[in-house]
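Residues per chain, in single letters:
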Amino acid sequence: MATRSGKAGDILAILREGSPRTRSELAALTGQARSTVGQRLQELIAAGLVGETLHANTGGRPSTAYTFLGHSQVALAADVGVHHAVLAVTTLRAEVIEHWSGVIDIADGPGVVVPAIIERFLQLLSQAGRDAGDVAGVGIGLPGPVEFETGRLISPPIMPGWDGYDVAGAFTRAFGCPALVDNDANVLAIGEQLSRWPDVRNMIYLKIGAGIGAGIIVNGAICRGARGAAGDIGHVYTSLAEDRPCRCGNRGCVEAVAGGEALAATLAAKGLPAKTPADVVALARAGNLETTHLLREAGRAVGSVLATCIAILNPEVIVLGGEIAEIGEPVIAGVRENVYRRALPMASQHLQVVQASGRGLEGVVGAAHLVLAEVLRPEAVEHTLSALTVVDD
Ligand SMILES: [Zn+2]
């Protein structure tokens with residue numbers, strides 16, 4: 001199976017995939033001489049990315065094996081919603097070391113929100129016993145359309161002050177490392193898929209929070225589209241939204257009837273104490289019948305839009321997350337009702353429509369994976385190692 005080159009970055013990729021490997025195993029996997037592999041391993045050890053361990057052979061004396069050191073550096077990860085954020089320090093295996101979750105208001109604009117996140121990251125680093133010099137990269141999920149290549153938001157409908165703001169640049173300047181910015185539904189989809197559905201290749205993660213958005217995984221990879229707007233399905237038309245005005249300026253968007261902000265407004269108009277999506281959750285938990293009924297209707301509207309997505313993408317799993325979906329039964333039942341009524345049997349027969357795992361950390365795990373995919377890809381590793389060699393000279 002000598003399909004890989006013997007470059008240091010490729011050897012690291014093999015070690016990241018699984019258990020420790022001996023030099024002979026790595027030579028066989030890469031088709032390189034043991035001496036060449038040994039040289040590459042020394043470079044990776046010098047960079048702190050690989051360590052030695054003893055490999056127990058059956059019957060023989062133990063031999064030296066090499067293992068990826070996931071703790072050698074850390075990633076900073078943020079899953080930022082409209083009213084709420086989760087921030088974390090993770091290992092280079094995307095394991096959460098320290099995390100914080102709490103209230104933020106995205107409408108305060110980048111001048112307030114970005115410095116607040118940076119400060120919180122510094123606190124988390126210190127709690128983890130690390131400092132800014134240990135940070136390999138920063139991954140951020142934000143609740144709007146993000147141009148992934150540039151790390152900027154493009155005309156986000158509900159994020160005043162963020163249009164065109166260089167989010168990636170701000171974090172790169174703060175921590176002196178690469179920063180990757182993506183849509184929040186994308187980081188949730190990546191995190192959920194890697195931690196809960198590793199064998200699923202086609203999946204939609206639908207977030208119903210203050211607004212509605214989806215992260216789409218096709219053939220195992222996130223689908224961002226031409227500019228990063230793929231999956232932004234909150235503003236898709238549905239007749240079930242009854243031509244209601246939406247905050248994007250159009251009418252009849254699914255978000256205008258099923259997003260958390262819209263649900264709160266509808267309940268408030270009925271005289272119920274609902275200002276925010278969190279109030280909608282509280283009313284539902286208290287068993288308020290009007291709220292339960294409205295949530296079922298919201299689920300149906302979401303289901304009608306998802307039925308169209310199913311026809312286009314034929315996913316195996318649809319995961320429903322975000323605080324409104326976390327309410328559970330009335331929303332999920334409404335979604336399932338219209339998904340199974342409207343999607344064709346061939347596409348819906350083996351389709352699972354499930355609630356997100358609810359641990360609340362899938363977004364930061366996904367954001368950490370953005371970082372790892374960038375800083376640990378073979379070419380980036382080669383680049384880092386050659387920079388180290390130059391310094392040594
Ligand atoms: Zn809209």
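Residues numbered from 1 in each chain as written. Predicted model: local features only at pLDDT ≥ 70, side-chain atom pairs only at ≥ 80, totals over all residues. Heavy atoms only, no water.

*Asks:* How should the packing of aromatic side chains be read in this particular structure?
*Replies:* To describe a pair of aromatic rings, one takes the distance between the centres and the angle between the planes. What the rule picks out here adds up to three aromatic pairs. When the centroid spacing of 6.1 Å and the interplanar angle of 80° are considered together, the rings of F121 and F175 count as edge-to-face. Placement of F121 in helix α4 (residues 110–127) and of F175 in helix α5 (residues 167–175) is noted, with a sequence separation of 54 residues between them. Judged by relative accessible area, which is 0%, F121 ranks as buried. Residues W162 and Y165 carry aromatic rings whose centres are separated by 6.1 Å and whose planes lie at 75° to one another, so their mutual orientation is edge-to-face. By relative accessible area, which is 1% here, W162 ends up buried. Judged by relative accessible area, Y165 falls into the partly exposed class, the value being 26%. Linked through ring pairs, F121, F171 and F175 together constitute an aromatic cluster. (Phe/Tyr/Trp six-rings, centres within 6.5 Å; stacked < 30°, edge-to-face > 60°. Helix = DSSP H or I, 4+ residues; strand = E, 2+ residues; numbered from the N terminus. Buried < 20%, exposed > 50% of the residue type's maximum accessible area, 1.4 Å probe, protein only.)

*Asks:* Got a minute to help me understand the nonpolar core in this structure?
*Replies:* Nonpolar side chains tend to gather and get buried jointly when the protein is soluble and globular. Judged by nonpolar contacts, the single largest core of 49 residues is most densely connected at L12, L15, L41, L44, L49, V319 and L376. The greatest single-element share of this core, amounting to eight residues, is contributed by helix α13 (residues 362–375). Sequence-distant contacts of L376, that is, excluding residues within four places in its chain, are made with L12, R16, L49, F68, L92 and V381. In this structure, V281, L320, I324 and L351 belong to the second largest nonpolar core, which totals 41 residues. (Core = buried A, V, L, I, M, F, W, Y, C linked by side-chain atoms within 4.5 Å. Contact = heavy atoms within 4.5 Å.)

*Asks:* What is the right way to read the pairing of strand β5 (residues 84–90) from this model?
*Replies:* Looking along a regular strand, one sees side chains alternate from face to face of the sheet. Within β5, six of the seven residues are buried, which leaves it mostly tucked inside the rest of the structure. Counting the residues between successive antiparallel strands, the hairpin from strand β4 (residues 74–80) to β5 contains three residues. Pairing of β5 with strand β6 (residues 96–103), which is carried by seven bridges, proceeds in the antiparallel orientation. Across the sheet, residue A88 finds its bridge partner in β6, namely H99. Count of turn residues in the β5/β6 antiparallel hairpin: five residues, of which A94 carries a positive phi of about 65°. (Pairing = 2+ DSSP bridges.)

*Asks:* Which parts of the structure should I look at to understand the sheet that holds strand β3 (residues 63–68)?
*Replies:* The strand order β1-β3-β2 describes an open sheet built from three strands, whose pairing is antiparallel. Strand pairing shows two members of the sheet lacking a second neighbour, β1 (21–22) and β2 (50–55), which therefore form its edges. Pairing analysis gives six bridges linking β2 to β3, with the strands arranged antiparallel. Opposite T53, over in β3, you have A65 as the bridge partner. Along the sheet, helix α1 (residues 8–17) makes contact with β1, β2 and β3, crossing β3 at roughly 90°. Against the sheet, helix α3 (residues 34–46) engages β2 and β3, with an angle of about 115° to β2. (Axes fitted to C-alpha atoms, helices over the stretch in contact; angles between N-to-C directions.)

*Asks:* What am I meant to see in unusual backbone geometry here?
*Replies:* One non-glycine residue, A94, lies in the positive phi region at around 65°. Secondary-structure assignment places A94 in the loop between β5 and β6. Residue A94 is classed as buried on the basis of its relative accessible area of 8%.

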